[in-house]
Amino acid sequence: DPWLIGRVAALNSLSDIWATGGSPTQALAMVQLQEGDPRQQTELLYQVLSGCLYEFDRCGVELLGGHTTESSELTVGFTVMGTLDGQPPLLKSGAKSGDVLILTKAIGTGTLLAGIPQARTRGEWVDSLLTSMLKANDVAAIAARKAEVHAVTDVTGFGLAGHLLEMLDASKLDADLSLSRLPLLPGANQLLLEGLESTLAPANRETAVRIECVDERMTSRPEFAALFDPQTSGGLLLSIASDRENLLHTQLRDAGVDAWTIGQFRETSTAPTLRLVE
């Protein structure tokens, strides 16, 4: 559905601004249209841009223009600009030892999307997948700012492990991540067990050399595979002092945002490492 693709692509791009604590203001589109009849291409572009404008209008973002080309498949992306309104940015580098790690969306979009053309992703799984991808990160970012989080990033193409390792590198810390607490979207567990994955997952799995497991059997679990699953319009990854954890969960819940505490940061004496625990 090109209208839904436009909406998801818009929210995926806006998330980069929200993750810094900023407000998006303007955007430029980059759309690759499938080759075909010009009238069909015009209608396709109309549907895509209608979808993106649905989200941009809601967020007060002006679409300034953009560029279209032809390709073998439909691809939609945006360059987004925003403002911090004089506030300091939320960065990946502010995490502190002892902070807890909170995730605001379940993961698994990559394997679920990969299963759709193979007719392996059930209809009810698609419903929950779309609900997740179409939930904006703006209210979660506002709650994070109010709760005084130390560091933020959004979880997108590099997967949870990749983006968390970026946060560890920037903050010069290690982290313990609980596999049993990792939330998966409905159906993702089954598809990952079956070995179905996105085409980006193998590249993301290269970060596995920086991951330690307290039990090597963890590597056969679907939650382990989910660490490398690329996310489309994923959630925010938040670092906050442990004594403010409950406050943040309350503010997120009041804003209608699901959230899970999935780990904790700790000091490092060598290169930052991610350790998986039960």
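Notes on the structure follow. Position labels on residues start from 1 in each chain and follow its written sequence. Side-chain atom pairs in this predicted model are given and counted only at pLDDT of 80 or more, local residue features only at pLDDT of at least 70, and totals for whole chains, interfaces and linings cover all residues. Heavy atoms throughout the structure, all of them, feed into the side-chain values; hydrogens and water do not.

What about the overall build of the protein chain?
Logical step 1: Comment: elements are numbered from the N terminus, with helices defined as DSSP H or I runs of at least four residues and strands as E runs of at least two. When helices and strands are counted, the protein chain shows 10 helices and 10 strands.
Logical step 2: In terms of overall dimensions, the protein chain is globule-like: its C-alpha atoms have a radius of gyration of 19 Å, near the 19 Å expected for 278 residues.
Logical step 3: For the protein chain, the C-alpha atoms occupy an extent of roughly 60 × 50 × 35 Å along the three principal directions.
Logical step 4: Buried means the residue's accessible area, taken with a 1.4 Å probe over protein chains only, is under 20% of the maximum for its type, while exposed means over 50%, and partly exposed covers the values in between. Across the 278 residues that make up the protein chain, the buried fraction comes to 49%.
Logical step 5: Of all intrachain contacts in the protein chain linking residues separated by at least 6 positions in sequence, the fraction that spans at least 24 positions is 89%.
Logical step 6: Put simply, the protein chain shows about 12,800 Å² of open surface, and 51% of that area lies on carbon and sulfur atoms.
Logical step 7: We score Asp and Glu as negative and Lys and Arg as positive, and we do not count His or the chain ends. For charged residues, the charge sits on one atom: NZ in Lys, CZ in Arg, CG in Asp, CD in Glu. Separation between the mean location of the 21 positive side-chain charges and that of the 35 negative ones in the protein chain comes to 5 Å. For a compact globule the rule gives 2.2 Å times the number of residues to the power 0.38, and the radius of gyration it is set against comes from C-alpha atoms. By definition, residues are in contact when any of their heavy atoms lie within 4.5 Å. Only the protein chains shown count as covering a residue, and every accessible area follows the Shrake-Rupley method with a 1.4 Å probe.

As for the nonpolar core
Logical step 1: Residues grouped as a nonpolar core are buried Ala, Val, Leu, Ile, Met, Phe, Trp, Tyr and Cys residues, joined through side-chain atoms within 4.5 Å. Grouped together as the largest cluster of nonpolar side chains are 51 residues, with contacts concentrated most on Leu 14, Phe 56, Phe 78, Val 149, Leu 238, Leu 248 and Leu 252.
Logical step 2: If one sorts the elements of this core by residue count, helix α1 (residues 2-18) sits on top with 8 residues.
Logical step 3: Each residue touching Leu 252, except ones within four places of it in the same chain, is listed here: Ile 102, Thr 104, Ala 140, Ala 143, Leu 238, Val 257 and Ala 259.
Logical step 4: Judged by nonpolar contacts, the second largest core, of 30 residues, contains Ala 175, Leu 177, Leu 192 and Phe 228.

A word on the sheet that holds strand β1 (residues 23-34)
Logical step 1: In short, DSSP must find at least two bridges between two strands for them to pair. Taken together, the 3 strands give an open sheet; going across it, the order is β2-β1-β3, and neighbouring strands pair in mixed fashion. With one partner strand each, in any of the chains shown, β2 (62-71) and β3 (75-83) form the two edges of the open sheet. Shown here is a sheet whose adjacent strand axes are inclined to one another by a mean of 15°, direction ignored.
Logical step 2: Sheet analysis places β1 next to β3, joined by 9 bridges and oriented antiparallel. Pairing of Met 30 across the sheet is with Gly 77, part of β3.
Logical step 3: Packing of α1 onto the sheet brings it into contact with β1 and β3, and relative to β3 it is tilted by some 35°.
Logical step 4: Across the sheet, helix α2 (residues 38-59) is in contact with β1, β2 and β3; its angle to β1 comes to roughly 165°. Axis geometry follows a simple rule: fit a line to the C-alpha atoms, using only the stretch in contact for helices, then measure angles between N-to-C directions, giving values from 0 to 180 degrees.

Comments concerning the pairing of strand β10 (residues 274-277)
Logical step 1: Side chains Leu 274 and Leu 276 project from β10 onto a buried face, and the interleaved Arg 275 and Val 277 project onto a face without burial.
Logical step 2: Examined bridge by bridge, strand β6 (residues 174-178) and β10 share 4 bridges and lie parallel to one another. Bridge pairing in β10 places Ser 178 opposite Val 277.
Logical step 3: Inspection of the sheet shows strand β7 (residues 211-213) paired to β10 by 3 bridges, in the parallel sense. Of the residues in β10, the one forming a bridge with Glu 212 is Arg 275.

A short note on helix α6 (residues 159-171)
Logical step 1: By definition here, a helix of n residues has an expected span of 1.5 Å times n minus one. Compared with an ideal rise of 1.5 Å per residue, which puts 13 residues at 18 Å, α6 spans 19 Å between its outermost C-alpha atoms and is within 8% of the ideal.
Logical step 2: Gly 159, Leu 160, Ala 161, Gly 162, His 163, Leu 164, Leu 165, Met 167, Leu 168 and Ser 171 are the residues of α6 that are buried.
Logical step 3: A positive backbone phi angle near 55° is found at Lys 172, which sits one or two residues after α6.

A word on unusual backbone geometry
Logical step 1: Even without being glycine, Lys 172 reaches a positive phi, approximately 55°.
Logical step 2: Note that Lys 172 resides in the loop between α6 and β6.
Logical step 3: On the basis of relative accessibility, which here comes to 61%, the residue Lys 172 falls in the exposed class.
Logical step 4: With phi around 55°, Ser 233 is a residue other than glycine that occupies positive phi space.
Logical step 5: As for its position among the elements, Ser 233 is in the loop between α9 (222-226) and β8 (236-240).
Logical step 6: Taking the relative accessible area as the measure of exposure, Ser 233 reaches 4% and is therefore buried.

Description of the state of the cysteines
What we call a disulfide is simply a covalent bond connecting the sulfur atoms of a pair of cysteines.
Logical step 1: Cysteine sulfur atoms that come within 2.5 Å of each other are treated as a disulfide pair. Applying the stated rule across the entire model yields 0 disulfides.
Logical step 2: Lacking any disulfide linkage, Cys 52 is separated from the closest cysteine sulfur, that of Cys 59, by 11 Å.

Here we look at the sheet that holds strand β5 (residues 151-154)
Logical step 1: Taken in spatial order, the 7 strands of this open sheet run β5-β8-β4-β9-β6-β10-β7, and their pairing is mixed. Of all the strands in the sheet, the pair left with one neighbour each is β5 and β7. Within this sheet the neighbouring strands show an average axis-to-axis angle of 25°, counted without direction.

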